[in-house]
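Coordinates in review
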Amino acid sequence: MKKIAVLTSGGDSQGMNAAVYATVRAALSNGMEIYGINHGYRGLIDGDVTKLDAKSVEGIVHRGGTVLGTARCPEMKTPEGQKKAVATLKKFGIEGLVVIGGDGSFAGAKVLSTVYGIKVIGIPGTIDNDLAYTDYTLGFDSAVAVVVNNVNMLRDTMSCNDRTCVVEVMGRDCGDIAMFAALCCGAEAVCVPEKGYDPDALAEVIKRNASKDKFDNIIIVAEGIRSDGTLDKGHEADKVMKDILDRLPTLNIRSISLGHLQRSGDATVYDRKLGILMGNLAVECLAEGKTDRVIGIKNDKVFDEDMVSALSEKKQFNQRIYDLANNLVKY
Ligand code: ADP
Ligand code: F6P
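Report on the accompanying structure. (Residues numbered from 1 in each chain as written. Chains lettered and ligands numbered in written order. Predicted model: local features only at pLDDT ≥ 70, side-chain atom pairs only at ≥ 80, totals over all residues. Heavy atoms only, no water.)

A few points about helix α9 (residues 269-287)
Counted only if it meets this: By definition, any uninterrupted DSSP run of H or I lasting at least four residues is a helix, any uninterrupted run of E lasting at least two residues is a strand, and each is numbered from the N terminus. What a helix is expected to span follows from its residue count: subtract one and scale by 1.5 Å. Under the scheme applied here, a residue whose accessible area is under 20% of the maximum for its type counts as buried, over 50% as exposed, and between as partly exposed, the area being computed with a 1.4 Å probe on protein chains only.
Between its first and last C-alpha, α9 extends 27 Å over 19 residues, near the 27 Å set by a 1.5 Å rise per residue. All buried positions along α9 are accounted for by Asp271, Leu274, Gly275, Met278, Gly279, Leu281, Ala282, Val283, Cys285 and Leu286. Of the residues one or two after α9, Gly289 is the one with positive phi, at around 80°.

Description of helix α5 (residues 140-160)
As a reminder of what qualifies: Here the bend at a residue is taken as the angle between two axes, fitted respectively to the seven residues that end there and the seven that start there. Any two residues having at least one pair of non-hydrogen atoms within 4.5 Å are treated as being in contact.
Between the first and last C-alpha of α5 there are 31 Å, a value that for 21 residues agrees with the 30 Å anticipated at 1.5 Å per step. Approximately 30° is the largest bend angle found in α5, and it occurs at Leu154. Looking only at α5, the buried set comprises Phe140, Ser142, Ala143, Val144, Val146, Val147, Val148, Asn150, Val151, Leu154, Arg155 and Met158. Contacts from the buried residues of α5 go to β6 (164-169), α6 (176-185), β8 (217-222), β9 (253-257) and α9. Asp162 occupies a position one or two residues after α5 and carries a positive phi of about 50°.

Observations regarding the packing of aromatic side chains
What counts here: A pair of aromatic rings is counted whenever rings of Phe, Tyr or Trp (Trp by its six-membered ring) have centres within 6.5 Å, and the orientation is called stacked for planes under 30 degrees apart, edge-to-face for over 60 and tilted otherwise.
Tallied over the full model, the rule gives 7 aromatic pairs. A centroid spacing of 6.4 Å and a plane angle of 85° characterise the contact between Tyr133 and Phe303, whose relative ring orientation is edge-to-face. In this pair, Tyr133 sits in the loop between β5 (119-124) and α5 while Phe303 sits in strand β11 (residues 301-306), placing the two residues 170 residues apart along the sequence. Measuring from ring centre to ring centre gives 5.1 Å for Phe140 and Phe180, while their planes differ by 85°; the resulting arrangement is edge-to-face. Note that Phe140 is positioned in helix α5 and Phe180 in helix α6, a separation of 40 residues in sequence. In terms of burial, Phe140 and Phe180 fall into one category: buried. Among the aromatic residues, ring-to-ring pairing joins Tyr136, Phe140, Phe180 and Tyr270 into one connected group.

That is the geometry; function is a separate question.
Okay, structure coming up:
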């Protein structure tokens with residue numbers, strides 16, 4: 001294979017740049033030409049393509065966001081949009097495509113391969129850690145680190161005021177950011193979509209702690225906790241605070257949503273390493289003529305797997321992390 005391309009799609013995540021860096025450098029060292037598609041499938045449809053060289057990706061490994069830009073592009077779900085995307089690939093003579101994104105982005109890649117014969121490899125780039133086939137997705141570790149660092153700061157003011165604080169974190173329907181962060185910063189309670197939302201239980205934790213002379217509490221809630229499917233991003237913390245005040249009207253309590261901070265700032269060393277390993281393996285796959293593969297990591301080993309079977313797996317809830325996050329903070 002002589003010419004390949006790389007794009008980042010959907011929500012950006014730290015570690016995407018590390019994967020872009022490794023994809024470009026590995027392609028060049030395999031004697032391939034490498035193109036960057038700007039702003040995900042939007043750029044593929046619009047023909048927004050740039051030839052990349054070693055210098056194009058200099059100094060980007062640590063940076064959050066994605067130097068290629070990203071987008072959500074509904075047109076890619078239509079046959080008309082897909083035809084335009086393929087026309088761009090054909091125009092540049094691109095035979096293989098590395099798609100860095102979540103399962104939606106992989107679905108777009110699958111169409112390009114099944115219907116139009118383009119060789120595609122997916123790299124899991126999303127802070128949500130919501131893909132079953134891989135232990136970790138790119139950006140998850142960095143997002144958890146942002147939450148933990150922010151909660152550590154919040155502790156300063158909450159504890160000296162004997163206050164409870166509800167902290168909302170991202171993750172869509174997946175509670176991994178919430179529970180890994182809760183475990184690592186010793187939050188007094190955590191609510192995740194997989195376990196349902198029980199404001200009475202939160203009030204009980206606060207009362208139990210108060211009975212032991214502990215009056216400051218951090219409560220981490222995932223944005224997707226309401227099982228009625230209404231994802232009210234950025235406003236769940238306020239709603240949870242209100243539910244708690246309905247039960248404990250005199251409680252000293254505040255709320256905050258950490259929002260897009262979780263996708264901002266430098267990637268952790270873990271995400272940099274993971275991005276580099278995954279980008280490198282994606283190019284190896286294309287060099288071997290493989291297609292319809294996704295890259296993942298299990299038990300610290302990076303691997304490639306068939307895209308369809310990987311995406312059919314159902315994510316197992318990490319009960320051990322959830323239990324630890326709840327049990328270790330009991331007074
Ligand atoms: P993620 O990749 O993080 O899951 P999205 O679900 O928003 O994010 O998908 C990113 C993009 O992938 C969409 O905006 C669209 O361009 C493309 N995409 C998603 N689903 C499909 C699909 N079924 N067919 C073709 N393209 C899709
Ligand atoms: O999928 C990543 C993610 O950050 C989710 O956790 C969050 O719900 C969503 O993207 C936010 O999307 P946007 O950047 O479009 O507001």
